[in-house]
Amino acid sequence: MNQPVVGITASALTVESGPGLGGEKFFAGKGYIDAVGRAGGCPVILPFGGGAGVAGRHLVVADAILLSGGGDVDPWLYGEEPRPGLGRVCPERDEYEIALVRLACELGKPVLGICRGMQVINVALGGTLHQDVRCLAGALQHFQEAGGQVAGHSVQIKAGSLLHRLVGGDTLRTNSFHNQAVKALAAGLTACARSADGVLEALEGQTVPLLAVQWHPEGMCGRHPVMLELFRWLVRAAH
Ligand code: MN
């Protein structure tokens, strides 16, 4: 069986105790790896920090891209100064992932953005973000206390959208672990779903195979199998 290679962008951490103290590591959550595998793809982890041109080389190897969750996007990249409530930023990761999104779109390779990944896509294509969703009037809780398998707020899905076709319904309950959200949607993207407070929860590309969600479907696949459909779409689109 020909398994498309799905490149999953890595997060970075610094070891804070024990042997290896201070060492820097790249990693990707096992949930992403498992979901891509169950959907029929071959997962590989893509570290940033390999220098200029590495995003282009990674796209020689990867048939599809999964932009994983992580820290906040540097507001400088969409023309704002940092405000209170902005989380930790990583300019090297931003630079790599933005290059990866733009190149994948040029090449027509499918992209699935998850949480931070949706925010990165919007900034890469010229959009802006709310730095802290808690500052919006009437905002729901978008950073839930419960674990990833637990459905939190609901989202209303636009009829006729790619997401609507994949999940087969107008409403979905999702987990929620984000403090940023899309403000101005980039040209070339269409809104697919919103929570009851109006926060954009999913988007898709108008002319490129691109889907992004603000929640973490990889964390819900166990109890909510419909979430696996997003990963199946990515693998199908890579063929
Ligand atoms: Mn949310």
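Residues numbered from 1 in each chain as written. Predicted model: local features only at pLDDT ≥ 70, side-chain atom pairs only at ≥ 80, totals over all residues. Heavy atoms only, no water.

> Account for the overall build of the protein, with residues named and values stated.
The number of helices and strands found in the protein is six helices and 13 strands. For 239 residues, the compact-globule estimate of 2.2 N^0.38 gives 18 Å, and the C-alpha radius of gyration of the protein, at 17 Å, lies within 12% of that figure. For the protein, the C-alpha atoms occupy an extent of roughly 50 × 45 × 35 Å along the three principal directions. Looking at the protein residue by residue over its 239 residues, the buried ones come to 50%. In the protein, once contacts between residues fewer than 6 apart in sequence are set aside, the share between residues at least 24 apart is 68%. Looking at the protein as shown, the accessible area adds up to about 10800 Å², and 55% of this sits on carbon and sulfur atoms. Charge separation in the protein, taken as the distance between the mean sites of 19 positive and 21 negative side-chain charges, equals 6 Å. (Helix = DSSP H or I, 4+ residues; strand = E, 2+ residues; numbered from the N terminus. Rg over C-alpha atoms; globule rule 2.2 N^0.38 Å. Buried < 20%, exposed > 50% of the residue type's maximum accessible area, 1.4 Å probe, protein only. Contact = heavy atoms within 4.5 Å. Areas by Shrake-Rupley, 256 points an atom, 1.4 Å probe, with all protein chains shown as cover. Lys, Arg positive; Asp, Glu negative; His and termini not counted. Charge placed at Lys NZ, Arg CZ, Asp CG, Glu CD.)

> Describe in detail the pattern of salt bridges, supporting the description with residues and values.
The full count for this structure, using the stated rule, is eight salt bridges. Among the salt bridges present, the one from E97 reaches R93, with a minimum N-O distance of 2.9 Å. With E97 and R93 both in helix α3 (residues 91-107) and four residues apart, the pair spans about one turn of that helix. One exposure class covers both E97 and R93, and it is buried. Residue R116 pairs with D94 through a salt bridge whose shortest N-O separation is 2.8 Å. Separated by 22 residues along the polypeptide, R116 in helix α4 (residues 116-124) and D94 in helix α3 bring together distant segments of the chain. Under the relative-accessibility criterion, R116 is labelled buried at 2%. (Salt bridge = Lys/Arg side-chain N within 4 Å of Asp/Glu carboxyl O.)

> Account for the side chain of Q131, with residues named and values stated.
Here Q131 shows up in the loop between β7 (129-130) and β8 (154-157). At a separation of 3.0 Å, a polar atom in the side chain of Q131 contacts the side chain of E80. At 2.7 Å, the side chain of Q131 and the backbone nitrogen of R83 are in polar contact. If sequence neighbours within four positions are ignored, Q131 has contacts with D72, P75, Y78, E80, E81, P82, R83, G85, L86, N179 and Q180. (Polar contact = N/O pair within 3.5 Å; in protein donor to acceptor, adjacent residues only side chain to side chain.)

> I'd like to hear about the pairing of strand β6 (residues 111-114), residue by residue, with values.
Where burial is concerned, the two faces of β6 agree: the one with V111 and G113 and the one with L112 and I114 are both buried. Pairing geometry for strand β5 (residues 64-67) and β6, over three bridges, is parallel. Residue pairing for β6: I65 is matched across the bridge by V111. At this point the chain moves from β5, through α3, to the parallel β6, and the crossover so formed is right-handed. One ladder, built from four bridges, connects β6 with strand β13 (residues 210-213); its direction is parallel. Opposite V111, over in β13, you have L210 as the bridge partner. (Pairing = 2+ DSSP bridges. Right-handed = clockwise from strand over helix to strand, strands pointing away.)

> Which residues make up the sheet that holds strand β1 (residues 5-9), and what values do they have?
Taking strand neighbours across the sheet as the criterion, the nine strands line up as β4-β1-β5-β6-β13-β12-β11-β8-β9 in an open arrangement whose pairing is mixed. Single-partner strands in this sheet number two, and they are β4 (42-46) and β9 (171-173). On average, adjacent strands in this sheet sit at an angle of 20° to one another, irrespective of strand direction. Sheet topology places β8 next to β9; three bridges connect them, and they run antiparallel. Directly across from Q156, in β9, lies its bridge partner T171. Taken strand by strand, helix α6 (residues 228-238) contacts β1, β5, β6 and β13, and its axis lies near 155° from that of β6. (Axes fitted to C-alpha atoms, helices over the stretch in contact; angles between N-to-C directions.)

Just geometry here; none of it tells us what the structure is for.
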